[in-house]
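Analysis of the macromolecular model
Chain residues, written in single-letter form:
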Amino acid sequence: MLPIPRDDLKPNTPEFENLPLVAPAGFREYDARWLFPEQINLMGVQALGFGLGTVLHEMGVKPAIAVGHDFRSYSASIKQALIIGLMGSGCEVHDIGLALSPVAYFSQFDLDVPAVAMVTASHNENGWTGVKMGAQRPLTFGPDEMAHLKRIVLEGQGKARDGGRYIYVPDMAERYIKDLTDRDKLKKPLKVVAACGNGTAGAFAPQVLEGIGAEVIQLDCELDFTFPNYNPNPEDMEMLHALRDKVLETGADVGLAFDGDGDRCGVVDNTGEEIFADKVGVMLARDLSARFENAKFVVDVKSTGLFLTDPILQGNGATTDYWKTGHSYIKRRANEINALVGFEKSGHYFFNAPIGRGYDDGLVSAIAICDMLDRNPDKTMSDLREALPMTWGSPTMSPHCPDEVKYQVVDRMVKAFAGMRENGEKLIGQNIRDLVTVNGVRVTVDDGTWGLVRASSNKPGLVVVVESPTSEKNMRDMFHEIDKRLSAQPEVGEYDQKI
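Observations concerning the side chain of Thr325
With respect to the element layout, Thr325 can be found in the loop between strand S13 (319–323) and helix H12 (327–336). Among the residues examined, Thr325 registers a relative accessible area of 4% and is labelled buried. Within polar-contact distance, the side chain of Thr325 engages the side chain of Asp300 at 2.8 Å. Each residue touching Thr325, except ones within four places of it in the same chain, is listed here: Tyr30, Asp300, Val301, Lys302, Glu344, Asn439 and Arg454.

This is the structure:
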């Protein structure tokens, strides 16, 4: 048994070295994220592994787990502490080394183990760490499993068991790359810029894209955990602007940006236009629904309304289900309703059979984009983009809001817009046509202009997205109305970016 974790330990004290520090707020809706070492120390990570192993036993799955880590200065040591806790709870641990999150998910299938724990803070800034977990491939934990894990860890209910075992897997990266590249090569010559932000994807993306027959121009693919150029986040305009500049400089056919743990892909077309991931999703859905009859898609509530209104998708018999934002939610929903693909505006794409195994993989997404171009040899990426109905949309914007109150702030916004609709009040001079409250509030007016406010699932902040199918003015007016209401909330702080 380990001591019960505390949340008040201070560095440079004997207690900090001997007791687990675990801040309760680190347990989020579908994964865990903390600032290291301010919110969790190595003993705390060991307690997390001890609790996770206990949960696996309680779930009745074979206590065998694949564990990997991303490229940050502290990730390897955090993984080792996690492994100690898992082994102490009686788990057989398969250490796959430096990995992308999708490499860890792939290893569950390749090693035939039921569980996974990937040490990563994904696209969060340096200083953050976390773990993505699952015990039912290809799914990852949702709110119920995370709440149970939180209770086990914070109450010190982890159970010591015999049978812990360590197995080092030396070649998982090679197995993964072979799995993605053992296929027909592209027929169309394709020049691709691969931007990795000096994150983990730099050790994988160039090899995979070259392996399918693309000419690859590397941009910030050298591993450097200080992230000297920009944070590896394909929703960050700084990363997309750097990718745009390289595409224009080299005359590339497409630019592809990968996040810190490689489960997301951002896109810049051949003219340097940055295409938000939900619009890329519509392009892929058009391509795939022409090949797969009555294709079914799942998208998150941050995504463009084109999934419902696009005439090509309608003509192909495609149907789309809007669902909660979050890789665990969309992955689970796509699995439940047997959707061909699940798309998130953040760039998480979940390809089910026969394209993928159901988990989010930025490189599988990149291959799907290359294949789409290969199937349209007479069209450029910008041609495919320009063929979409025009809409004006924002990037994902995130005003700061403490974890302890962010859901309360969102509840106030839900009530405010619901009250406006009930009272017949107008928004940007129009009637409120629809409210979707499955995940925050997505408010839509008569002409299809919509705005979304929800709580971020992985950091202290809110998420704001707006889009209009009629004009940039209406899009900006919708943002103004949302921002005005959020600015009146005392807990809401500065945005990471604004339109």
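Section: the packing of helix H15 (residues 406–422) against helix H16 (residues 472–487)
Following both chains from N to C, one finds H15 and H16 inclined at 125°, their axes separated by 11 Å at the closest point. Taken together, the axes of H15 and H16 are oblique relative to one another. The two elements H15 and H16 meet at a crossing, and its hand is right-handed. Contacts from Val409, Met413, Phe417 and Met420 in H15 reach Ile482, Arg485 and Leu486 in H16. Broken down by class, the residue content of the contact of H15 with H16 amounts to six nonpolar, no polar and one charged.

Considerations on the state of the cysteines
Counted by the stated rule, this structure contains zero disulfides. For the unlinked cysteine Cys265, the closest cysteine sulfur is that of Cys370, found at 8.4 Å.

Considerations on the sheet that holds strand S15 (residues 349–351)
Reading across the sheet, the four strands line up as S13-S12-S14-S15 and stay open at both edges, with mixed pairing between neighbours. Since the sheet does not close on itself, it has two edges, and those belong to S13 and S15, each with one partner. Ignoring strand direction, the axes of neighbouring strands in this sheet form an average angle of 15°. Note: strand S12 (residues 296–300) against strand S14 (residues 341–343), three bridges, orientation parallel. Opposite Val299, over in S14, you have Phe343 as the bridge partner.

Re the sheet that holds strand S18 (residues 441–445)
Ordered by their spatial adjacency, five strands build an open sheet running S16-S20-S19-S18-S17, and the pairing between neighbours is antiparallel. At either margin of the open sheet sits one strand with a lone partner, and together these are strand S16 (392–393) and strand S17 (432–436). In this structure, S16 lies alongside strand S20 (residues 462–468), joined through two bridges in antiparallel fashion. When the sheet's bridge partners are listed, Gly393 is paired in S20 with Glu467. Docked against the sheet, H16 engages S16, S18, strand S19 (450–455) and S20, running at close to 155° with respect to S20.

Topic: the pairing of strand S10 (residues 265–269)
S10 sits mainly inside the fold: five of its five residues count as buried. Alternating residues of S10 divide into Cys265, Val267 and Asp269 and Gly266 and Val268, and every residue in both groups is buried. Relative to S10, strand S9 (residues 254–258) runs antiparallel, the two being bridged by five bridges. Bridge pairing in S10 links Gly255 to Val268. Between the antiparallel neighbours S9 and S10 lie six residues, among them Gly262 with a positive phi of about 75°.

Description of H15
When the terminal C-alpha atoms of H15 are compared, their 24 Å separation across 17 residues agrees well with the 24 Å that a helix rising 1.5 Å per residue should span. Taken residue by residue, H15 has Lys406, Val409, Val410, Met413, Phe417 and Met420 as its buried positions. Here the buried residues of H15 occupy an arc of 100° about the axis, which is enough to place them on one side. Opposite the packed face of H15, turned more than 90 degrees from it, sit the exposed residues Lys415 and Glu422. Those residues of H15 hidden inside the fold are in contact with S17, S18, S19, S20 and H16. Just beyond H15, the residue with positive phi is Gly424, at close to 70°.

Examining the nonpolar core
It is characteristic of soluble globular proteins that their nonpolar side chains tend to be buried jointly. The biggest cluster of nonpolar side chains holds 71 residues, and the ones touching the most others in it are Leu209, Leu256 and Phe258. Sort the elements by how many residues they give to this core and helix H13 (residues 362–374) lands first, with nine residues. Excluding anything up to four places from it in sequence, Leu256 contacts Val192, Val193, Ala194, Ala195, Leu209, Leu243, Cys265, Gly266, Val267, Ala366, Ile369 and Cys370. One finds Val55, Ala81, Ile152 and Val153 within the second-largest nonpolar core, a separate group that totals 34 residues.

Digging into the packing of helix H2 (residues 42–59) against helix H5 (residues 143–154)
The geometry of H2 relative to H5 is characterised by a closest axis approach of 9 Å and an angle of 125° between their N-to-C directions. On the basis of their axis angle, the class for H2 and H5 is oblique. For the element pair H2 and H5, the recorded crossing hand is right-handed. Of the residues in H5, those touching H2 at Ala47, Leu48, Gly51, Leu52, Thr54, Val55 and Glu58 are His148, Leu149, Ile152 and Val153. When the residues that make up the contact of H2 with H5 are grouped by side-chain class, the tally is seven nonpolar, three polar and one charged.

Thoughts on the packing of aromatic side chains
What characterises a pair of aromatic rings is the spacing of the ring centres plus the angle enclosed by the ring planes. This structure, assessed with the given rule, holds 13 aromatic pairs. Seen in terms of ring centroids, Phe27 and Trp34 are 5.2 Å apart; in terms of plane orientation they differ by 90°. Their pairing is edge-to-face. Relative accessible area serves as the criterion here: at 9%, Phe27 is assigned to the buried category. Ring geometry for Phe297 against Phe343: centres 5.8 Å apart, planes inclined by 35°, an arrangement best described as tilted. Here Phe343 lies in strand S14 and Phe297 lies in strand S12, a separation of 46 residues in the sequence. Each member of the pair, Phe297 together with Phe343, is buried. Joined through ring pairs, the aromatic side chains of Phe297, Phe307, Phe343, Tyr349 and Phe351 make up one cluster. Positioned above the aromatic ring of Phe109, the side-chain terminus of Arg137 is 5.3 Å from the ring centre. The positively charged end of Lys331 is found above the aromatic ring belonging to Tyr105, 4.4 Å away from the centroid.

How each quantity is defined
- Residues numbered from 1 in each chain as written.
- Predicted model: local features only at pLDDT ≥ 70, side-chain atom pairs only at ≥ 80, totals over all residues.
- Heavy atoms only, no water.
- Helix = DSSP H or I, 4+ residues; strand = E, 2+ residues; numbered from the N terminus.
- Buried < 20%, exposed > 50% of the residue type's maximum accessible area, 1.4 Å probe, protein only.
- Polar contact = N/O pair within 3.5 Å; in protein donor to acceptor, adjacent residues only side chain to side chain.
- Contact = heavy atoms within 4.5 Å.
- Axes fitted to C-alpha atoms, helices over the stretch in contact; angles between N-to-C directions.
- Parallel < 35°, antiparallel > 145°, perpendicular 65-115°, else oblique.
- Left-handed = near helix turned anticlockwise from the far one by under 90°.
- Nonpolar A, V, L, I, M, F, W, Y, C, P; charged D, E, K, R; others polar.
- Disulfide = S-S within 2.5 Å.
- Pairing = 2+ DSSP bridges.
- Expected span 1.5 Å × (residues − 1).
- Arc of directions from axis to C-beta.
- Core = buried A, V, L, I, M, F, W, Y, C linked by side-chain atoms within 4.5 Å.
- Phe/Tyr/Trp six-rings, centres within 6.5 Å; stacked < 30°, edge-to-face > 60°.
- Lys NZ or Arg CZ within 6 Å of the ring centre and 35° of its normal.

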